[in-house]
Structure formats: C-alpha cells, structure tokens
Amino acid sequence: MKRFSSLLSLIIITITVMTFTSCDRDADEADALLGIWRGQIEGNNSYTGYYDTEIRFYGDYATSGSGDEYDQDPVDPNNSYYSTFNWEVRNNTIYIYYDNLNDFRNVAITDYRFNSNYFEGYMNGYKFSLTKTVNWSDWHAKKAPAVYAPTSTKTIPDSTSTNK
C-alpha cells in the first residue's frame, strides 16, 4: 500500500508540473513573428504579379502587436504602397488589420509554414514567402531603422516617427 501511495504522489506531482509548464502555441508564434521580414507577396501587379515586401512586426502583448508593411513593384518603383497595422495570433490564425484600407485589405493567414527565419503561406489567397532580416531579440531597441532600400524617390516612413 505504501508503494501505491508513493506512486500516486509521483503521478500527482508530474501532472501538476505539466499543468504549470504547458506552452501556448499562439504566444510562441506571436513571439517568433517579431522582427523585420522581407520577401515577395503575390498581388494584382500588372508587371510581375508580385511585390517586393518588407513587413515589421512589433509586439505589444503576448499574442498581438502593431507593425507596418511596405510593398513595391520591382519593375515600376513608383508603384508602391505603405500601411501601418495591428495584428494578433488567435487560434493558430494570424490576423492583420491595416490602417490604410484604400490600398490594403485586412487578412487572415491560416495556411502558413513558419520557423525562426522563414515564413510562407497565403494572405487572402495570395502566396507570400518572407525571410527574417532582423530579429528584435538581436536588438536592444524595440524598433529598428528600415532596412528596405526602395529604388524610387518615395521613402519608407521612419519607424521612430510619431505619425503611426
């Protein structure tokens, strides 16, 4: 009986430890999103069918934050778009809510593959593939300067500006 009681105590302790150390997938994915991502997003671009893109994800809470996106046509540098946004990860879905609804549509990203350096999937049916160029954990500041260098005379708004 004493052996049974010791075994039962061990099982209860194991269950308790597992309960307190369980992982939240949404929070893990939100944390991995933080940083600057560059790559391509398909779109209704009449020249190439895609845009060169830079997306910055800033974290405000465990599973959400703010950010900005800059898209540029690789053939016609004057054809570019910019918007700030808010984002959240909920039930394994990434939601992006853009401020510039004239040029962007809010998206739900559900079919994606993701690791610490590569992010690909579909935004409202448009394929994207991005590579992380800056990881916020590598920086001592919350926001880093832009790393995307557009070839047009248009510039990316400074990430430290107060106009967001």
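Scoring rules and cut-offs
Residues numbered from 1 in each chain as written. Predicted model: local features only at pLDDT ≥ 70, side-chain atom pairs only at ≥ 80, totals over all residues. Heavy atoms only, no water. Salt bridge = Lys/Arg side-chain N within 4 Å of Asp/Glu carboxyl O. Buried < 20%, exposed > 50% of the residue type's maximum accessible area, 1.4 Å probe, protein only. pLDDT = per-residue confidence, 0-100. Contact = heavy atoms within 4.5 Å. Core = buried A, V, L, I, M, F, W, Y, C linked by side-chain atoms within 4.5 Å. Helix = DSSP H or I, 4+ residues; strand = E, 2+ residues; numbered from the N terminus. Pairing = 2+ DSSP bridges. Axes fitted to C-alpha atoms, helices over the stretch in contact; angles between N-to-C directions.

### Some points on the pattern of salt bridges
So, step 1. Throughout the structure, instances matching the rule amount to seven salt bridges.
So, step 2. Of the charged contacts in the structure, one is a salt bridge between Asp111 and Arg113, with a shortest N-O distance of 3.5 Å.
So, step 3. According to the relative accessible area criterion, Arg113 is partly exposed, its value standing at 35%.
So, step 4. Notably, a salt bridge pairs Lys127 with Glu120, separated by 3.9 Å at the nearest N-O pair.
So, step 5. With a relative accessible area of 30%, Lys127 lands in the partly exposed category.
So, step 6. A relative accessible area of 18% places Glu120 in the buried class.
So, step 7. Taken together, the shared-partner salt bridges in this structure form one network comprising Asp111, Arg113, Glu120 and Lys127.

### Considering the confidence of the model for the protein chain
Detailed reading of the predicted model is not advised wherever pLDDT is low.
So, step 1. Looking at the protein chain as a whole, the pLDDT averages 78, with 68% of positions reaching at least 70.
So, step 2. Considering only residues more than four positions removed or in separate chains, one finds that residues 140-156, a stretch of pLDDT under 50, has 46 contacts.
So, step 3. A low-confidence stretch, residues 158-164 (pLDDT under 50), is modelled with 11 contacts involving residues beyond four sequence positions or located in other chains.

### A closer look at the nonpolar core
So, step 1. Counting 25 residues, the largest nonpolar core has Phe57, Trp87, Ile94, Ile96, Ile109, Phe119 and Met123 as the members making the most contacts within it.
So, step 2. Breaking this core down by element, the ones donating at least two residues are α2 (25-33), β1 (35-42), β2 (50-61), β4 (80-90), β5 (93-98), β6 (107-114), β7 (118-123) and β8 (126-135).
So, step 3. Leaving out residues up to four positions away in the same chain, Ile109 has contacts with Thr93, Ile94, Ile96, Phe119, Tyr122, Met123 and Phe128.

### Structural notes on the sheet that holds β7
So, step 1. Strands sit in the order β1-β2-β3-β4-β5-β6-β7-β8 around a closed barrel of eight strands; the barrel is antiparallel. The average undirected angle you get between the axes of adjacent strands in this sheet is 30 degrees.
So, step 2. Note that β1 and β2 share eight bridges and pair antiparallel. By the bridge assignment, Gln40 is partnered in β2 with Asp52.

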